[in-house]
Amino acid sequence: MPIRQLPPNVAAQIAAGEVVERPASVVKELVENSLDAGATRIAVSISGGGVSEIRVTDDGCGIAADELALAFRHHATSKLSTAADLETVATLGFRGEALPSIAAVSRVTCTTRPPDSDTGYRIEFRYGELIGDGPAGCPVGTTVQVVELFSNVPARRRFLRSAPAESARIQEVVTRYALACPDVRFVLTTDGREQVNTTGSGNPQDVILSLYGREVASRMLPVSGTDAGLSIHGYTSAPDLHRHNRSYITLLVNRRWVYHRSIMYAIEQAYQGTLPDRRYPLAVVNVDLPPEDVDVNSHPTKREVRFRNENRVFSAVQRAVSDALVAHAPVRQVARSFSLPVERPVDASGVSTNRSGPAPMTGTGDPSSGGLALPTTGLAPAGGSLRDVLTGLRVVGQIRQTYIVAEGNGGMYLVDQHAAHERVVYDLIRQDGDRWAGMAQPLLGPTPVELNLAQAGTLQEYGDMLAEYGFQLEPFGGDAWLVRAIPATLTMRNNPDPATALVNLLDAVSVEQVVMEREDALAATIACHGSVRAGDTLGADEMDALLRQLETTENPHHCPHGRPTVIHFTEYQLEREFGRR
């Protein structure tokens, strides 16, 4: 086939395919245009999953009548004038591709009026061809109506999902930009039903409340951090509030909704050791930095960006989220009650004669039913962060040689002695590995140990780090090794002999590595095997010392595996359970 110039309409459809992938792409481009126009209210209305109709109305600056037709030409924009401007892009749109691309694959009507004009102007395109324009009555701002999307590209329509699925993608776009711009009111109507309605108050917490509800909003923690011209701000969830995928993490760069694998990972890393396996936080994190330090022109849909110094951004985001978790995360609190069955007097027929008192346990979770409680998470008690709470705790005793009972500001606290000590030991190992290696316990004589294939592979992978943490091992032929020294903590806690301690450690660390980094997996496993266990009797001084040590850790809320260290019973709950309220 000879080389030939493609007809303009075919070229336009190809170009549109890079910008307009699906109805949500249309909404994204139009919403970004509205935000660039300085809108304070954006209303989005869709039907048929956005294929039948999309209508976006804003109260922005509008478009002058003599520039309206030009706005629908490729590479026509008010946001750039020279190539150098690409180095400092501060707007969401800048390529001049959105409107002509949308017009190439749909019927588009745009009605607009600038503030200094007494009347509006209207223009209409059908699959890229101008079919009408002229004056029109309308308020200040712009309305773009898109109908019959992809009618002239049936192949693209076949690859769209169902109307509800496409509507959900559009709702995601509106949700992300509502989170990005809390000072703008967003309204989304789907097939006549209002799905999103934010206040535009400028308070991010109001947007979170509108989108996710009161329970989520009350458990979001403020994030803030700076680093030489780099500013991080937003909200992230308390460790006990999580979801089964990453879709609730909203990453913004200069208020632009983006996807960046490394920075998303930085947010997840801040939660390491606090979330269950394959669970993810809710977060809205905005990175503000000079436009010249980020390339927003690296992806056709502008969803991905590149940073001039990615490592610096990664560290700043991870540190800001980590600081928020340590400073603001609430103490795990008992909030729901389940009545216990009560033994009642019976008569000779076996029928209860006592008609009063609490009802038998029903398992309904009704908070008003009385009885003992099961733990969920509530707001932090009076006294502020967990570090502040731990400072004022007074040890009362020990339950089942597993939980430390303490009294403090706001009620009673139960501390899981193993989880707490595990956090203490883990932090010691990670923060001062050299000192930890110096605490190795030499054995009276070398102890031989036979390893299976998996254990031998783990030993080969972790050998250098095991040595750093106090193990002294020598090959002894085949899969046999000699153990000459192990970390002192492993000789003191529930390890019958050095060989068993090593084998148990290798088995456990191979499992931990599935969800943790190598160094963290090893440190967490050593901490687990070398910590106080459930069933260990502790004296009052030992329990008090453990609370003081937990107070100084980086994350006193959770052990390295994500289990809570402290649970709080409020004074109100105690009084209610005893009928004093």
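Residues numbered from 1 in each chain as written. Predicted model: local features only at pLDDT ≥ 70, side-chain atom pairs only at ≥ 80, totals over all residues. Heavy atoms only, no water.

1. Here we look at the pairing of strand β21 (residues 403-408)
Within a regular strand, side chains alternate between the sheet's two faces.
Inference 1: Pairing analysis gives 5 bridges linking strand β20 (residues 394-399) to β21, with the strands arranged antiparallel. Bridge pairing in β21 places Arg 394 opposite Glu 407.
Inference 2: What sits between the antiparallel neighbours β20 and β21 is a turn of 3 residues, in which Arg 400 has the positive phi angle 50°.
Inference 3: Summarising the sheet, β21 and strand β22 (residues 411-416) pair through 6 bridges and their orientation is antiparallel. If you follow Ala 406 over to β22, its bridge partner there is Tyr 413. (Pairing = 2+ DSSP bridges. Helix = DSSP H or I, 4+ residues; strand = E, 2+ residues; numbered from the N terminus.)

2. Section: the packing of helix α2 (residues 23-36) against helix α6 (residues 163-180)
Inference 1: At a minimum axis separation of 8 Å, α2 and α6 run at an interaxial angle of 20°. In terms of orientation, α2 and α6 fall into the roughly parallel class. Crossing hand, α2 versus α6: right-handed. Only Glu 166, Arg 169, Ile 170, Val 173, Val 174 and Tyr 177 of α6 make contact with α2, whose side of the interface consists of Pro 23, Ala 24, Val 27, Lys 28, Val 31, Glu 32 and Leu 35.
Inference 2: Residues of the contact of α2 with α6, tallied by class, amount to 9 nonpolar, no polar and 4 charged. (Axes fitted to C-alpha atoms, helices over the stretch in contact; angles between N-to-C directions. Parallel < 35°, antiparallel > 145°, perpendicular 65-115°, else oblique. Left-handed = near helix turned anticlockwise from the far one by under 90°. Contact = heavy atoms within 4.5 Å. Nonpolar A, V, L, I, M, F, W, Y, C, P; charged D, E, K, R; others polar.)

3. Structural notes on helix α9 (residues 261-270)
Inference 1: Counting buried residues along α9, 8 of its 10 residues qualify, which places the element largely inside the surrounding structure.
Inference 2: Those residues of α9 that fall on the buried side of the exposure criterion are Ser 262, Ile 263, Met 264, Ala 266, Ile 267, Glu 268, Gln 269 and Ala 270.
Inference 3: On the buried face of α9, the contacting elements are β12 (249-253), β14 (280-281), β15 (283-288), β17 (306-307) and α10 (310-328). (Buried < 20%, exposed > 50% of the residue type's maximum accessible area, 1.4 Å probe, protein only.)

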